[in-house]
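What follows is each chain in one-letter form.
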Amino acid sequence: MNIAIIGATGYGGAELLRFLRNHPHVRRCYLYSSSQEGIHLSESFAHVGEIDDAILKKIDVEQIADECEVVFFATPPGVSSTLAPAFIDQGAKVIDLSGDFRLKDGAVYEAWYKRQASSDHYLQQAVYGLTEWNKPNIRKARLLSNPGCYPTATLLGLAPIVKEQLIEEDSIIVDAKSGVSGAGRKASLNTHFSEVNENVKIYKVNSHQHIPEIEQMLQAWNERIQPITFSTHLIPMTRGIMATIYAKAKHPLSVDRLVDLYKTSYKDSMFVRIRKPGQFPSTKEVYGSNYCDIGVAYDERTGRITVVSVIDNLVKGAAGQAIQNLNVMMGWNEESGLTYMPIYP
Ligand SMILES: NC(=O)C1=CN([C@@H]2O[C@H](COP(=O)(O)OP(=O)(O)OC[C@H]3O[C@@H](n4cnc5c(N)ncnc54)[C@H](OP(=O)(O)O)[C@@H]3O)[C@@H](O)[C@H]2O)C=CC1
Ligand SMILES: CC(=O)N[C@@H](CCC(=O)OP(=O)(O)O)C(=O)O
């Protein structure tokens, strides 16, 4: 099959290309740019110079829909909401890495993203691609909305205890940290070297656009879940997210019982790995791979559960999960093209 990548000159687009070039069912990746048409991708990423079919093409909806069965968007918010409907209407499948189709209520999108939402018609048909928990719908999707990086780590970490109704519904606190590639390739004041190096910064306090995305899914699993407290920090590394999650247990528990629950919940999920009692994952253990690694603890003194969930923001948090979703949508082996071991150290 032929694939289109719109936004190929960005970090998410480059990761899509890295995996899709080695995907057994992908014949060719066509690459598109809104600002560099006719130029070889090596002008953006010199390390891909040996790929001779990597000339960036102009975004022409008719031509792309003719040539490609699936169109990936790795573009900033506001792009896919404008362009994706035309692809859907022409029969192509769309996988969107941006936040444009994640929130079902357009008014909520406008409040948190401060920009115009897509039309309700497309918001309602978009399928949320948290692969491990939505496969029946993903199989039928024509417009697949890939989850945000923080929501992926947070929701995979919370799913078992929320679904099993083990926690007080108003007690969820998420303390999350991200590497700088999460902010994309474009230079900005907040992400240049001397702002980030040897520094830890909290940002978007109580106003992060991923808060409604996380709450939407948690409330779909358990309608009694109350608004969460969710904080994001920028830390001096390139890739990786760690979400440290706290919630109060409704009844006394043990760490063994929690580990059993998580292992059972993810027994058929090849990309989610659960640590033994007393062990916790670190971001290097998933670097460059599509894994989400999770460790859990229970504090008998406070009655609180701690869940530590790590991913590579560009892989399981973006391009990797998008390809996992492609595999499910096409009925292929879920691991196709994604069997990279983490790079450690
Ligand atoms: N970085 C991450 O860890 C994650 C990112 N995401 C989301 O994925 C999307 C891509 O992120 P990322 O790759 O990091 O971003 P980058 O800033 O690295 O790349 C975005 C690319 O989009 C293209 N673009 C910009 N404006 C337009 C436009 N008007 N029309 C078409 N293309 C445009 C640009 O390429 P050109 O100028 O060549 O067109 C650019 O290279 C974003 O929505 C982001 O929020 C989601 C999860 C994780
Ligand atoms: C480190 C960093 O800045 N991360 C970005 C993640 C952005 C992102 O992925 O945005 P959408 O998922 O909403 O498209 C942020 O916190 O906004």
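Everything numeric in this text was worked out from a predicted model, so none of it was measured.

Asks: Explain the site of ligand 2 residue by residue, including any values.
Replies: Looking at ligand 2, there are 16 residues lining it, with R102, Y203, K204, H208 and H210 nearest. The contact in question runs from an oxygen atom of ligand 2 to an N or O atom on the side chain of Q209, over 3.0 Å. For ligand 2, whose unbound accessible area comes to 440 Å², protein coverage reaches 84%. Looking at the shell around ligand 2 residue by residue, the classes come out as six nonpolar, eight polar and two charged. Structurally, the shell around ligand 2 is a two-domain feature, drawing no fewer than three residues from each of domain 1 (2-125) and domain 2 (150-313).

Asks: Could you give an account of the packing of helix 1 (residues 11-20) against helix 11 (residues 315-330), naming the residues involved and the relevant values?
Replies: It is the contact of helix 1 with helix 11, at a shortest axis distance of 9 Å, that shows an interaxial angle of 45°. Classed by the angle they form, the pair helix 1 and helix 11 counts as oblique. Crossing of helix 1 against helix 11: the hand is right-handed. Taken together, the residues of helix 11 that come into contact with helix 1 (itself represented by G12, E15, L16, R18, F19 and L20) are V315, A319, A322, I323 and L326. Tallied by class, the residues present in the contact of helix 1 with helix 11 amount to eight nonpolar, one polar and two charged.

Asks: Give a detailed account of the sheet that holds strand 5 (residues 127-128), specifying residues and quantitative values.
Replies: The strand order 2-1-3-4-6-5 describes an open sheet built from six strands, whose pairing is parallel. With one partner strand each, in any of the chains shown, strand 2 (28-32) and strand 5 form the two edges of the open sheet. Inspection of the sheet shows strand 5 paired to strand 6 (residues 143-145) by two bridges, in the parallel sense. Each bridged residue has a counterpart across the sheet, and for Y128 the counterpart in strand 6 is S145. Along the sheet face, helix 3 (residues 80-89) touches strand 1 (2-6), strand 3 (70-73), strand 4 (93-96) and strand 6 and points at about 175° away from the line of strand 3.

Asks: Break down the site of ligand 1 for me, with residues and values.
Replies: Residues in close proximity to ligand 1 total 26 residues, the closest being T9, S33, S34, S35 and T75. Take Y11: an N or O atom from its main chain is 3.0 Å from an oxygen atom of ligand 1. If ligand 1 stood free it would expose 890 Å²; the protein chains cover 79% of that surface. Among the elements of the structure, helix 1 and helix 11 are those that each provide at least two residues to the shell around ligand 1. Here the shell around ligand 1 gathers at least three residues from each of two domains, domain 1 (2-125) and domain 2 (150-313).

Asks: Got a sec to walk through the UniProt feature "domain: Semialdehyde dehydrogenase NAD-binding" (unreviewed entry) in the protein? Specific residues and values, please.
Replies: UniProt records the feature "domain: Semialdehyde dehydrogenase NAD-binding" (unreviewed entry) at residues 2-141, using the numbering of this structure. Here residues 2-141 is 34% helix and 14% strand, with 18 Å between the C-alpha atoms at its ends.

Asks: Can you tell me about unusual backbone geometry, naming the residues and giving the values?
Replies: Trans peptide bonds make up the majority, and among non-glycine residues the majority have a negative phi. A cis amide bond links Y344 with the next residue in sequence, P345, at an omega value of 10°. In this fold, P345 is placed in the segment after helix 11. We note that K204 has phi near 50°; this positive angle belongs to a residue other than glycine. With respect to the element layout, K204 can be found in the loop between strand 8 (201-203) and helix 9 (210-221).

Asks: Explain the nonpolar core to me, using residue names and the numbers behind them.
Replies: Where a protein is soluble and globular, its nonpolar side chains tend to be buried together. Within the largest apolar cluster, 44 residues are counted, with the highest numbers of intra-cluster contacts made by I161, I172, L218, Y262, I294 and I305. For this core, the secondary-structure elements that each account for two or more residues are helix 7 (149-163), strand 7 (173-178), helix 9, strand 10 (241-248), helix 10 (255-265), strand 11 (272-274), strand 12 (292-299) and strand 13 (304-311). A total of nine residues in this core trace back to one element, the largest contributor, which is helix 7. Setting aside chain neighbours within four positions, we find I161 in contact with L166, I167, L258, L261, Y262, I305 and V307. Among the nonpolar cores identified, the runner-up in size contains 40 residues, and C29, I51, A54 and Y291 belong to it.

Asks: Describe the packing of helix 7 against helix 10, with residues and values.
Replies: Remark: helix 7 packs on helix 10, axes separated minimally by 10 Å, with the N-to-C direction vectors making an angle of 110°. As judged from the angle between their axes, helix 7 and helix 10 are roughly perpendicular. Residues G157, P160 and I161 of helix 7 form the contact with helix 10, whose own contacting residues are L258, L261, Y262 and S265.

Asks: So, the side chain of N325: which residues are in play, and what are the values?
Replies: Counting through the fold element by element, N325 comes out in helix 11. Among the residues examined, N325 registers a relative accessible area of 0% and is labelled buried. Looking at N325, its side chain comes within polar contact range of the main-chain oxygen of G129, at 2.9 Å. Those residues in contact with N325, other than ones at most four positions away along the chain, are G129, T131, I138, L144 and N146.

Rules and cut-offs
Residues numbered from 1 in each chain as written. Chains lettered and ligands numbered in written order. Predicted model: local features only at pLDDT ≥ 70, side-chain atom pairs only at ≥ 80, totals over all residues. Heavy atoms only, no water. Near = heavy atom within 4 Å. Polar contact = N/O pair within 3.5 Å; in protein donor to acceptor, adjacent residues only side chain to side chain. Areas by Shrake-Rupley, 256 points an atom, 1.4 Å probe, with all protein chains shown as cover. Nonpolar A, V, L, I, M, F, W, Y, C, P; charged D, E, K, R; others polar. Domains from an automatic or database assignment. Axes fitted to C-alpha atoms, helices over the stretch in contact; angles between N-to-C directions. Helix = DSSP H or I, 4+ residues; strand = E, 2+ residues; numbered from the N terminus. Parallel < 35°, antiparallel > 145°, perpendicular 65-115°, else oblique. Left-handed = near helix turned anticlockwise from the far one by under 90°. Contact = heavy atoms within 4.5 Å. Pairing = 2+ DSSP bridges. UniProt positions renumbered as here; feature names shortened; annotations may be inferred. Core = buried A, V, L, I, M, F, W, Y, C linked by side-chain atoms within 4.5 Å. Buried < 20%, exposed > 50% of the residue type's maximum accessible area, 1.4 Å probe, protein only.

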